[in-house]
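The lines below spell out each chain.
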Amino acid sequence: MAKQKKDASDLTAANLLYSLRCRGGSAPLHSIGFSRGVIQSLLDKNLVKVQNTGCGFLLQIIDQT
């Protein structure tokens with residue numbers, strides 16, 4: 001069986017997830033240097049969520065446990 005190829009947006013989304021994990025699981029949305037499309041793809045896959053803190057927005061990894 002052949003391996004399924006990952007396109008550039010999947011790799012970029014994986015890089016964003018890795019970046020969030022290195023930052024403790026969350027980061028201010030304004031400080032993230034990834035495109036809206038990449039962030040939206042992670043939101044659509046229910047891997048991250050956006051939380052309103054009252055002073056801004058945080059992008060957080062959703063716990064899968």
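Residues numbered from 1 in each chain as written. Predicted model: local features only at pLDDT ≥ 70, side-chain atom pairs only at ≥ 80, totals over all residues. Heavy atoms only, no water.

**Structural notes on the packing of helix 1 (residues 8-22) against helix 2 (residues 36-44)**
Rules: Fitted lines through C-alpha atoms serve as axes, helices being fitted only where they are in contact, and the angles separating the N-to-C directions of these axes extend from 0 to 180 degrees. Numbering goes from the N terminus for both helices and strands, where a helix is a DSSP run of H or I of at least four residues and a strand is a run of E of at least two. In these notes the angle categories are as follows: under 35 degrees is roughly parallel, over 145 is roughly antiparallel, 65 to 115 is roughly perpendicular, and the rest is oblique. We call two residues in contact when some of their heavy atoms are within 4.5 Å. Amino acid classes used here: Ala, Val, Leu, Ile, Met, Phe, Trp, Tyr, Cys and Pro are nonpolar; Asp, Glu, Lys and Arg are charged; the rest, including Gly, are polar.
Following both chains from N to C, one finds helix 1 and helix 2 inclined at 75°, their axes separated by 9 Å at the closest point. Compared by their axis directions, helix 1 and helix 2 come out roughly perpendicular. Contacts between helix 1 and helix 2 involve T12, A13, L16 and L17 from the first element and V38, I39, S41 and L42 from the second. The class makeup of the residues in the contact of helix 1 with helix 2 is 6 nonpolar, 2 polar and no charged.

**A word on the sheet that holds strand 3 (residues 57-61)**
Quick reminder of the rule: Whether two strands pair comes down to DSSP finding at least two bridges between them.
Strand order in the open sheet formed by 3 strands is 1-3-2, and the pairing between neighbours is antiparallel. With partners counted over all chains shown, the strands left at the sheet margins are strand 1 (26-28) and strand 2 (48-52), one partner each. When the angles between neighbouring strand axes are averaged without regard to direction, this sheet yields 25°. Strand direction decides the pairing type here: strand 2 and strand 3, joined by 5 bridges, are antiparallel. Residue V50 lies in a different strand from strand 3, and its bridge partner there is L59. Strands in contact with helix 1 are strand 1, strand 2 and strand 3; relative to strand 3, the strand with the most contacts, it is inclined by about 100°.

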